[in-house]
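Structure assessment
One-letter residues, chain by chain:
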2 protein chains.
Amino acid sequence: MGDGALLRDFRACFAGLAAIGRDPETGGYHRLAWTDEDRAARGWFAAQAAACGLAVERDRNGNLWAWWHPRDGGEAAGAEAKALVLGSHLDTVPRGGAYDGALGVVAGFVAVSALRRRGLVPVRPVAVAAFAEEEGGRFGLATLGSRLLAGTLAPADALGRRDAGGVTVAEAMRGDRLDPDQAGSDPDLLDRLGEVVELHVEQGRGLVDLPAPLGVGRRVQPHGRWRLELRGEANHAGTTRLGDRRDPTLPLATAITAARELAGRAGAVATVGRILVEPNSTNSVPGGVRAWLDARAPEDAVLDRLLAAWRAEVAAAADEHGVEAELTCESRSPAVELDPGLRARLAEVIAGLGLPAPELDTAAGHDAAALAGVVPTAMLFVRNPTGASHTPAESASDEDCALGCAALAALVEAWACR
Amino acid sequence: MGDGALLRDFRACFAGLAAIGRDPETGGYHRLAWTDEDRAARGWFAAQAAACGLAVERDRNGNLWAWWHPRDGGEAAGAEAKALVLGSHLDTVPRGGAYDGALGVVAGFVAVSALRRRGLVPVRPVAVAAFAEEEGGRFGLATLGSRLLAGTLAPADALGRRDAGGVTVAEAMRGDRLDPDQAGSDPDLLDRLGEVVELHVEQGRGLVDLPAPLGVGRRVQPHGRWRLELRGEANHAGTTRLGDRRDPTLPLATAITAARELAGRAGAVATVGRILVEPNSTNSVPGGVRAWLDARAPEDAVLDRLLAAWRAEVAAAADEHGVEAELTCESRSPAVELDPGLRARLAEVIAGLGLPAPELDTAAGHDAAALAGVVPTAMLFVRNPTGASHTPAESASDEDCALGCAALAALVEAWACR
């Protein structure tokens, strides 16, 4: 299959998924876990698997697997008999872009399809995976499916979490024919996994600036999310004297500005991207504010210092205004070094395409990072001309995407086929 | 009817309304215009009117009137034949208190009922009124019903306004069997009105501090609401460098702190009580923020200066962060002096109860202020021990409320009965 065929195959496969969950007004995608859009995307996944002759399995945590099994159970034994997994996720943030997650799943199918058309058969299992609720866009728990599978997120810490409409993870799972009592670490499945390679659209301008169409992930930076609850006193916006107010928006303002200033000084990033005000009425002094901090830094110690300084500034502002402040860590991921052996193999197949294979760090969380403690993982990045992410502006050229598919196909051919 | 009977009557009447729209979890009231809770409150209004033998009318703008007509059309003529109106409103802010608005309508019924039981009959019409959407809690347009009636709010500026769910004023009116094409100034009805007296729970500690159970409103301070739209660029919270961001929460933080600081310096109040963030996702730099400023000052010129300074600070912060800022005035009410003659009469009847009759200014908007340009209006305040307003903590003792009912009854007896 030549490059032209791969490009056509990529376009057709990607277009099918890109039709699901798109808001025609904004161009943004809404595919939140265990919603109608997610079910439609899973229908697309099943159809792709069927077209490639792959057997679909849904695991206990809602992750999807399309298996390409060796005909005779394979010739290899032991570690060599374990699966080489390609994939990423189908869910998006609210009003997200078309590529984040989707591209990695599409590329997995396109790569397998290209090899099958050439008559190749695997000597060890190959799978295309789609991990559930990677973005945390619905329940605020990023990489939910992969962390439950890996056993690094306890079901007890996840199942009671509620979405904006008050639905718990357990209820959403049940509504989607998953048994929440079965959620959690899945040693039998993990034992079948040899390596996981996640292809992903780059979320910055690293490859654009070089320039290079593909890059190899080296390190996922430490990352955390914290929920700040500010409790003041609701009151009339006209008749309540300033001195009598306990207005939680004032420490909120400090939380916003301090996050930016402290991150700037630390060489980190920090964002207050989600804010909920109660009662959120124009002529009421708010009684409460909930706000979420997302912070990432090159080193764990830097992130720890950033958080401590931010917490202190917010606490001081809350005290000044008679507001109670409570901070809860919703997630914290340490720095993750991706597997050196897998990175070297990825660099080899990229070089085989006549391309440079630069290594990149990333400040975004990924399923590959969430699984790194239980299976060797790597990431392959595809150039993003806008550098934008989590927005309809994120992009990648069809040609670069096809190169990514070709690299995956070469990896599977070299490693898992004869 | 002695004081004990008035107190019992007040308690029974108030309890009926206080049962409608209360959230048992927070104790807060949700009675927004033209919702199920509002319909239930109007059912209560009709039942009270029937119990008092009053004829209910709903005007073209959705305001309710319960008429106590002279038996023979009255003996008076000209201005003396016009109605003395008691009343306030039934709607609340989201999670509001039990007294704001409700108390004035209840007190009107209790006063009329007390006079009727004594066998008194009016020589001119008396009405108990409940004005629609006074709080602007649903559509952001405070004193909607009274301003449409007065002709100071053009239907064209109101009917297209949307609630949080996207429903327009026109659609909500239609859904509630009102014809939006008929909304607007109602000269025939206005011509029937002689005076409007609005009893209201005080929204501060003026009467507590004196102390005095009742007070007479002197002046409603100028007041405005402005909507601030901040448009930046949505992006990934991890991978977007700080320098590449156009984050609208940063000028939002300035809007919050500048409102407080400028108001403090001006002897005014200013509040950013409502904030909506898009897409409001923890791991996204927001693309847009809408925030509302509520500001009130002792003088119009002070309010103008406050707004100009605030606008300049917000614009500078928006520029600094590459964010577009747009400010829209949603409402602006000038200072309103309540009718001196009516105030004197209210002071007389309060003195007749053996009580002091202090005069108070208020920073809250009211239907009495909205109607002041088309009919003489006055306000009677009832002491609020907590001084809180627009929250379940607002309160008034039953005894003080009954004194307010007694003052209204004395006013109607002296002015409209024989």
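That block above? That's the structure.
A brief look at the structure comes next. As the structure is a computational prediction, the values presented were derived from the model and not from experiment. (Residues numbered from 1 in each chain as written. Chains lettered and ligands numbered in written order. Predicted model: local features only at pLDDT ≥ 70, side-chain atom pairs only at ≥ 80, totals over all residues. Heavy atoms only, no water.)

1. Examining helix 3 (residues 102–117) of chain B
Applied cut-off: A helix here means a DSSP run of H or I that spans at least four residues, while a strand means a run of E at least two residues long, and both kinds are numbered starting from the N terminus. The span you would expect from a helix comes to 1.5 Å times its residue count less one. Buried residues are those whose accessible area, probed at 1.4 Å on protein chains only, stays under 20% of the maximum for their type, while exposed residues exceed 50% and partly exposed ones sit between those limits.
For helix 3 of chain B, built from 16 residues, the straight-helix expectation of 22 Å at 1.5 Å per residue is met to within 8% by its first-to-last C-alpha distance of 23 Å. Within helix 3 of chain B, 14 of the 16 residues are buried, which leaves it mostly tucked inside the rest of the structure.

2. Description of the interface of chain B and chain A
Under the convention used in this document: We call two residues contacting when some pair of their heavy atoms lies within 4.5 Å. As used here, buried area is the combined drop in accessible area, with a 1.4 Å probe, of two parts when they are placed together. Salt bridge, as used here, is a side-chain nitrogen of Lys or Arg placed within 4 Å of a carboxyl oxygen of Asp or Glu.
Listed as interface residues are 60 residues of chain B and, on the opposing side, 60 residues of chain A. Between chain B and chain A, the buried area comes to about 5,000 Å², and carbon and sulfur atoms account for 55% of it. Interface area lost by chain B to chain A is led by L242(B), R260(B) and T282(B), which between them contribute 15%. There are two salt bridges connecting chain B and chain A.

3. Considering the sheet that holds strand 12 (residues 324–333) of chain A
Residue and element names in this part refer to chain A. Here is the rule we go by: Pairs of strands are assigned from DSSP output, requiring at least two bridges between the strands. A fitted line through C-alpha atoms represents every axis, and for helices the fit uses only the stretch in contact; the resulting angles, taken between N-to-C directions, go from 0 to 180 degrees.
The sheet built from four strands is open, its strands ordered 9-11-7-12 with antiparallel pairing. Here the strands that pair on one side only, and so sit at the sheet edges, are strand 9 (269–278) and strand 12. Strand-to-strand twist across the sheet, computed as the mean angle between neighbouring axes with direction ignored, equals 15°. Here strand 9 runs beside strand 11 (residues 288–296); their pairing, made up of nine bridges, is antiparallel. Its bridge partner lying in strand 11, I275 is registered against A291. Taken strand by strand, helix 9 (residues 249–266) contacts strand 7 (223–231), strand 9 and strand 11, and its axis lies near 170° from that of strand 9.

4. A look at the packing of aromatic side chains
Residue and element names in this part refer to chain A. Defined as follows: Centre distance within 6.5 Å is the pairing criterion for rings of Phe, Tyr and Trp, where only the six-membered ring of Trp is used; planes under 30 degrees apart are then read as stacked, over 60 as edge-to-face, and the remainder as tilted.
All chains considered together, the criterion is met by 14 aromatic pairs over all chains. On the numbers, 5.8 Å between centres and 85° between planes, the contact of W44 with F109 is edge-to-face. With W44 in helix 2 (residues 36–52) and F109 in helix 3 (residues 102–117), the pair connects residues that are 65 residues apart, well separated along the chain. Note on accessibility: W44 and F109 belong to one class, buried.

5. Looking at the packing of helix 11 (residues 340–352) of chain B against helix 13 (residues 398–416) of chain B
Residue and element names in this part refer to chain B. Stated precisely, the cut-off is as follows: Each angle gets one of four labels, with under 35 degrees taken as roughly parallel, over 145 as roughly antiparallel, 65 to 115 as roughly perpendicular, and the rest as oblique. Take the far helix as the reference: if the near one is turned anticlockwise from it by less than a right angle, the crossing is left-handed, and if turned clockwise, right-handed. Side-chain classes follow a simple rule in which Ala, Val, Leu, Ile, Met, Phe, Trp, Tyr, Cys and Pro form the nonpolar group, Asp, Glu, Lys and Arg form the charged group, and the remainder, Gly included, forms the polar group.
Helix 13 packs onto helix 11 with a crossing angle of 115° between their chain directions and a minimal axis gap of 9 Å. By the angle between their axes, helix 11 is roughly perpendicular relative to helix 13. Regarding helix 11 and helix 13, the two cross each other, and that crossing is right-handed. In this structure, helix 11 uses L342, R345, L346, V349 and I350 to contact helix 13, whose residues at the interface are A407, A410, L411 and W415. Looking at the contact of helix 11 with helix 13 residue by residue, the classes come out as eight nonpolar, no polar and one charged.

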